[in-house]
Amino acid sequence: AQKVTQAQTEISVVEKEDVTLDCVYETRDTTYYLFWYKQPPSGELVFLIRRNSFDEQNEISGRYSWNFQKSTSSFNFTITASQVVDSAVYFCALSEEGGSQGNLIFGKGTKLSVKP
Amino acid sequence: SAVISQKPSRDICQRGTSLTIQCQVDSQVTMMFWYRQQPGQSLTLIATANQGSEATYESGFVIDKFPISRPNLTFSTLTVSNMSPEDSSIYLCSVEGGTVSKTQYFGPGTRLLVL
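1. Overview of unusual backbone geometry
Most peptide bonds adopt trans geometry, and most residues besides glycine take a negative phi value.
So, step 1. Of the consecutive residues Lys7 of chain B and Pro8 of chain B, the connecting peptide bond is found in the cis state with omega at -10 degrees.
So, step 2. Mapped onto the secondary structure, Pro8 of chain B falls in the loop between β1 (4-7) and β2 (10-13).
So, step 3. Here the phi dihedral of Ala81 of chain A falls at roughly 50 degrees; this positive angle occurs in a residue that is not glycine.
So, step 4. By the element assignment, Ala81 of chain A lies in the loop between β9 (74-79) and β10 (88-96).

2. Some thoughts on the pairing of strand β11 (residues 110-114) of chain B
Residue and element names in this part refer to chain B.
So, step 1. Of the two faces of β11, the one holding Thr110, Leu112 and Val114 is buried and the one holding Arg111 and Leu113 is not buried anywhere.
So, step 2. Pairing analysis gives 4 bridges linking β2 to β11, with the strands arranged parallel. Bridging from a neighbouring strand, Ile12 pairs with Leu113 of β11.
So, step 3. Examined bridge by bridge, strand β9 (residues 89-96) and β11 share 3 bridges and lie antiparallel to one another. Each residue of the ladder has a partner; that of Ile90, found in β11, is Arg111.

3. Some words on the pairing of strand β8 (residues 64-69) of chain A
Residues and elements named next belong to chain A.
So, step 1. Across 3 bridges, the pairing between strand β7 (residues 59-61) and β8 is antiparallel. In the strand pairing of β8, Glu59 is matched with Trp66.
So, step 2. Counted along the chain from β7 to the antiparallel partner β8, the turn is 2 residues long, and its residue Gly62 has a positive phi close to 65 degrees.
So, step 3. Bridge analysis of β8 against β9 gives 6 bridges, and the strand direction is antiparallel. Of the residues in β9, the one forming a bridge with Phe68 is Phe75.
So, step 4. Linking two consecutive strands that pair antiparallel, namely β8 and β9, is a turn of 4 residues; a positive phi of about 50 degrees is found at Ser73 within it.

Calculation rules
- Residue numbers restart at each chain and count upward from 1, following the sequence in its written direction.
- Just so you know, chain letters begin at A and ligand numbers begin at 1, following the order they were written in.
- Local features in a predicted model are, by the rule used here, given only for residues with pLDDT of at least 70; side-chain atom pairs are given and counted only at 80 or more, and totals for whole chains, interfaces and linings are based on all residues.
- In computing side-chain values, all of the structure's heavy atoms are included and hydrogens and water are not.
- Numbering of helices and strands starts at the N terminus; helices are DSSP runs of H or I of at least 4 residues and strands are runs of E of at least 2.
- Type-normalised accessible area, obtained with a 1.4 Å probe on protein chains alone, sets the label of each residue: buried when under 20%, exposed when over 50%, and partly exposed for intermediate values.
- For two strands to be treated as a pair, DSSP must find at least two bridges joining them.

Shown next as structure tokens:
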């Protein structure tokens, strides 16, 4: 069965620190997609990145980077030089090619607090 | 990506009443999705709404409680019926597609508090 685990419930850092948010997934499908979303206090869910199971290249976008490792079923997210505006709940999610459409499985989320 | 709006953005309702939430997209989309996010929790899919057909509900959600309409390719409504305090949640609609394929983009959500 598919599952997404975000073991870190809450993380608190001081501005300019680097922080890594962990995500471990389970799936039997060979083709699947992994996502990260950001939910600031306003409540809107903001798409950050999508990775498919055949693309293990790490990705960097500004201060954000993602490390996808199929060998450990992990898709971790690192914020470099964190800022107060990064404070939000971050969700990792999984969808399977063979699953029903729209079936996006979310982890429980990690609440990141960045203090000035 | 598609621009998605929801109305109302928030509401406070009395138990036993019903609330209809609207979701509008700025482009035509085949599938729209409705999620519930209970306080401090993750998102759970309620149903998938296709234009011209009945919505498909996930386990634990029924049409009598959460009727959905999808009159055209840019609009959908979700009604929360006969509300109780347990229905207090954020309700979000999403659509698939846009800049990145196989990706759902979400509306701003509707914060509902039931007293």
